[in-house]
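Breakdown of the fold
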Protein chains: 2
Amino acid sequence: MKVIATPAYLSTASSTFEAEFKARLYWSAETDAGIEQRVADILADVQHRGDAAVLDYTARFDGLQAASVAELELTQAELKSAFDALPDAQRYALEQAAKRVRSYHEAQKQASGESWSYRDADGTLLGQKVTPLDRVGIYVPGGKAAYPSSVLMNAIPAHVAGVGEIIMVVPTPVRGSVASGGNGAASDAKPEVNTLVLAAAYVAGVSRVFTIGGAQAVAALAYGTLTIPAVHKITGPGNAYVAAAKRRVFGTVGIDMIAGPSEILVLADGSTPPDWVAMDLFSQAEHDELAQSILLCPDKDYIDQVQESINRLLPEMPRREIIAKSLNDRGALILTRSMEEACDIANRIAPEHLEVSSRDPHRWEPLLKHAGAIFLGAYTSESLGDYCAGPNHVLPTSGTARFSSPLGVYDFQKRSSLIEVSEAGAQTLGQIALVLAHGEGLQAHARAAEMRLKTPD
Amino acid sequence: MKVIATPAYLSTASSTFEAEFKARLYWSAETDAGIEQRVADILADVQHRGDAAVLDYTARFDGLQAASVAELELTQAELKSAFDALPDAQRYALEQAAKRVRSYHEAQKQASGESWSYRDADGTLLGQKVTPLDRVGIYVPGGKAAYPSSVLMNAIPAHVAGVGEIIMVVPTPVRGSVASGGNGAASDAKPEVNTLVLAAAYVAGVSRVFTIGGAQAVAALAYGTLTIPAVHKITGPGNAYVAAAKRRVFGTVGIDMIAGPSEILVLADGSTPPDWVAMDLFSQAEHDELAQSILLCPDKDYIDQVQESINRLLPEMPRREIIAKSLNDRGALILTRSMEEACDIANRIAPEHLEVSSRDPHRWEPLLKHAGAIFLGAYTSESLGDYCAGPNHVLPTSGTARFSSPLGVYDFQKRSSLIEVSEAGAQTLGQIALVLAHGEGLQAHARAAEMRLKTPD
């Protein structure tokens, strides 16, 4: 049967545009009460029983039996072996990608992640000390969503920030186990280990790796067990159980955002080969049936050409079924009145990935306010950014780019204010604090300021 | 009856230290299932019924009747009148404090909040564009915890960041209403308006003020109503209902941290007048019976002197009952073997406020890794920082300084990655992306990179 992908065709000039646009964009991260409860139970159990609970859940959900959690740890030598065993081209690509990602994040650290301070005229010092987190945890999914590039994108900024210890968890379910949809583990089955993921951990400077996953892994990282040290922040993607667990441990530890489905928005002036744009839309759609690919363009003929490219190129794609479902259910080709209007709509969407596929991308860039990453010009395919351009591919989804940012070095640092009030400064500041503290009815605050005032001679 | 405050006396040399130390630090932010459910209901109701629901809850919980939400909005003229009506000393203090806070946050923006970019040798541009949030909401509690200084500390960084619109909500309950513990509002009762809070809103550059509070105010800000515009981030402290509501809308909007009780840790070498240190401990304890004040000092005699100061100074404090309960239940005077050990313990606690009350504070500062704000030297009382030194007084509590930071300009900005791959860059990057994409089984990603490769002549 022929697979066909026809994204919704919308025009901003149509009277039904607003309603159609809103319907297409709608996505709700409904939480499942059943999952919430099971996750709460697993978290409580791991908090109380530690290693024993981790072993139980790993046996139950991943079909992976072990006598101790220590058995589930991979050594640095095992990571190195995984790297050494790769074909040359993969080893080279992984190293080059890591190098570029590292160099971008080093620039980021220099631009926005260094301590600073200054002194007032009266000698009072004010500033901020920026320090790395001591220990962080990186969640890496097993199975079909196991992406070595995500290991690089999470671990390298942590490493560049100077995090002391980076603990990675990645489930290695035994084929035929419950989690893989089978009927229990066969006794001779092997755990599914993704060599590229381990190699990426080696390249990225991960300190320790435990082959555990799910809510139990998040719990172990948040609370610590006898074997697994507690971390101060957990980042990385995961399924609904992992997302629910991260949301619940938030506050005990820091977390990154809870990601929704991936999205691309291509803003095109019609100057890019339509095949390129079609393939960029595919590259988002192939992630997941819920992924969203949208084209915004003021040129009707060009939109038609992109649809023709979609028709022609789709049959050759191995993941065409997923691509078609994603484009049919959630994709859109939107005709706008102008590029300016396209920029306005882009800001309303606040997409994760925003390609400005224009011969004059710097004309439009200043008009774009909300996006995780902005890809300028026809040569900047999102896939180059996903793997190796340098910037992080962990980006805010579902419109959260209105208030949040790409994962970065700053996520693995924290700041402490520095204040050193001079004796002279205490005189001026003391008078101000005194008045305001009394205004708030906090007399000890007032007295503490007052005690530092010199008594007049 | 005489009020006595005797913080626990601990010594690191004692065999029972670890257990006593852990027991003193223990604090659990247990969530109340009843509150959770009521808050979920209020959020859903405001999301569906908008203004009408806001009016209902404001009448029910604050005893404040209004025909429309527009009636609950204060005009800029009303804010200005509040400011103009202040006594000269308060007006001056508020303006001076705002000026210093603004100038610190401007330095912060310059140090870590500006866009940056660079070009590779092959002409590829990489960088990050930093932009302000469009619209933010600031929650300001009514009643006893209404602090004008908090208005400054939340609104000024937003203003400095360049946020387009700052919407403040502050409940003005009618005396005798349910929320104030009475038995229903008397018909001639007036809403409790805090003039200093309104004046602070005027000084800080708040755009609009609505006199609503509770979960209904958080819901209105997160989802928007006909009258109240939806914001992209909500900051500011509140009671258990407000905290639960913020936690629930997190994801729809950004939020700041959910704050626990306030804490001070004084690390003293014995060179500061003991009265000053005692008053600094009081100034934390007077906030709240759950607040925590701890002294770390290697000098036993000095600790005794601080206890004597506590005994002598407590009776003169208007809030002595709260101070005594806080110090007795949660306070501690800890004798350490050395200043170095005191620094280690400070890092274990990761306090909100850390005073280094030493004649040589710069000797110890580099050893201090985790703290919201570090106050250096005897003249730097926490209260100067609370009001007017310049740095933000919204700081991470309950040990979250291990992974989070003071509220700052960065909380009101977001970043977008910028990538412009040159034609030459697409050749090198394309080869790398190709290999990695195939390794992840994402063929459209690979093809998108491949299409940008020049075919060899």
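Residues numbered from 1 in each chain as written. Chains lettered and ligands numbered in written order. Predicted model: local features only at pLDDT ≥ 70, side-chain atom pairs only at ≥ 80, totals over all residues. Heavy atoms only, no water.

Cut-off, in case you're wondering: UniProt positions are given in the numbering used here, feature names are shortened, and annotations may be inferred rather than shown by experiment.
Going by an unreviewed UniProt entry, chain A carries the name Histidinol dehydrogenase and comes from Rhodoferax antarcticus ANT.BR. A UniProt comment under Catalytic activity (unreviewed entry) is attached to chain A, and it reads "L-histidinol + 2 NAD(+) + H2O = L-histidine + 2 NADH + 3 H(+)". Recorded in UniProt under Function (unreviewed entry), the annotation for chain A is "Catalyzes the sequential NAD-dependent oxidations of L-histidinol to L-histidinaldehyde and then to L-histidine."

1. What about the UniProt feature "active site" (unreviewed entry) in chain A?
Residue and element names in this part refer to chain A. Let me state the cut-off plainly: Numbering of helices and strands runs from the N terminus, with a helix taken as a DSSP run of H or I at least four residues long and a strand as a DSSP run of E at least two residues long. In what follows, a contact means two residues having at least one pair of non-hydrogen atoms within 4.5 Å. What qualifies as a polar contact is a pair of N or O atoms within 3.5 Å, subject to a donor-acceptor requirement within protein and to the restriction that residues adjacent in sequence count only when both atoms come from side chains. Three exposure classes are used, based on accessible area relative to the maximum for each residue type with a 1.4 Å probe and protein chains only: buried under 20%, partly exposed in between, and exposed over 50%.
The residues that UniProt annotates with the feature "active site" (unreviewed entry) are Glu-352 and His-353. Locating Glu-352 in the fold gives a position in the loop between helix 13 (339-349) and strand 13 (353-357). Each residue touching Glu-352, except ones within four places of it in the same chain, is listed here: Pro-261, Ser-262, Glu-263, Ala-371, Gly-372, Ala-373, His-393, Leu-395, Pro-396 and Thr-397. Among the polar contacts listed, one links the side chain of Glu-352 to the side chain of Ser-262, at a separation of 2.9 Å. The topology assignment puts His-353 in strand 13. Using a relative accessible area of 2% as the deciding quantity, one classes His-353 as buried. In contact with His-353, other than residues within four places in its own chain, are Ser-262, Glu-263, Ile-264, Leu-265, Gln-284, Ala-373, Phe-375, Glu-382, Asp-386 and Leu-395.

2. Let's talk about the interface of chain A and chain B
The criterion, for reference: The term buried area denotes the loss of accessible surface (1.4 Å probe radius) that occurs when two parts are joined, taken as the sum for both partners. Whenever Lys or Arg places a side-chain nitrogen within 4 Å of a carboxyl oxygen from Asp or Glu, that contact is recorded as a salt bridge. Three classes are used: nonpolar for Ala, Val, Leu, Ile, Met, Phe, Trp, Tyr, Cys and Pro, charged for Asp, Glu, Lys and Arg, and polar for all others, with Gly counted as polar. The pairing criterion for strands is at least two bridges between them, as found by DSSP.
Taken together, the contacts link 115 residues of chain A with 115 residues of chain B. Together chain A and chain B conceal approximately 10300 Å² of surface at their shared face, both sides included; 62% is due to carbon and sulfur atoms. Considering only the surface of chain A that becomes buried against chain B, Tyr-387, Phe-403 and Arg-452 of chain A emerge as the three largest contributors, covering 8% of it. Here chain A is connected to chain B by 10 salt bridges. Note that Glu-316 of chain B is salt-bridged to Arg-447 of chain A, the shortest N-O span being 3.2 Å. Joining chain A to chain B, the criterion identifies 64 residue pairs in polar contact (both at pLDDT 80 or more). Per-element tally for the side of chain A that touches chain B: the top contributor is helix 5 (residues 88-112) of chain A, with 13 residues. In the side of chain A that touches chain B, the residues fall into 58 nonpolar, 34 polar and 23 charged. Relative to strand 14 (residues 373-376) of chain B, strand 15 (residues 413-420) of chain A runs parallel, the two being bridged by 3 bridges. Bridging across to strand 14 of chain B, Ile-419 of chain A finds its partner in Phe-375 of chain B.

3. Quick look at the sheet that holds strand 13 of chain A
Two pairing modes exist for strands in a sheet, parallel and antiparallel, and in both the strands are linked by backbone hydrogen bonds. As a reminder of what qualifies: Each axis is a line fitted through C-alpha atoms, taken for helices only over the stretch in contact, and angles between the N-to-C directions span 0 to 180 degrees.
Pairing within the open sheet is mixed, and its 9 strands lie in the order 1(A)-12(A)-11(A)-10(A)-13(A)-14(A)-15(B)-4(B)-3(B). One side of each edge strand has no neighbouring strand; the edge strands of this open sheet are strand 1 (8-11) of chain A together with strand 3 (116-119) of chain B. For this sheet, the mean inter-axis angle between neighbouring strands, taken without regard to orientation, is 20 degrees. Pairing of strand 10 (residues 263-268) of chain A with strand 13 of chain A involves 5 bridges; the strand directions are parallel. Looking at strand 13 of chain A, one finds that Leu-265 of chain A is bridged to Leu-354 of chain A.

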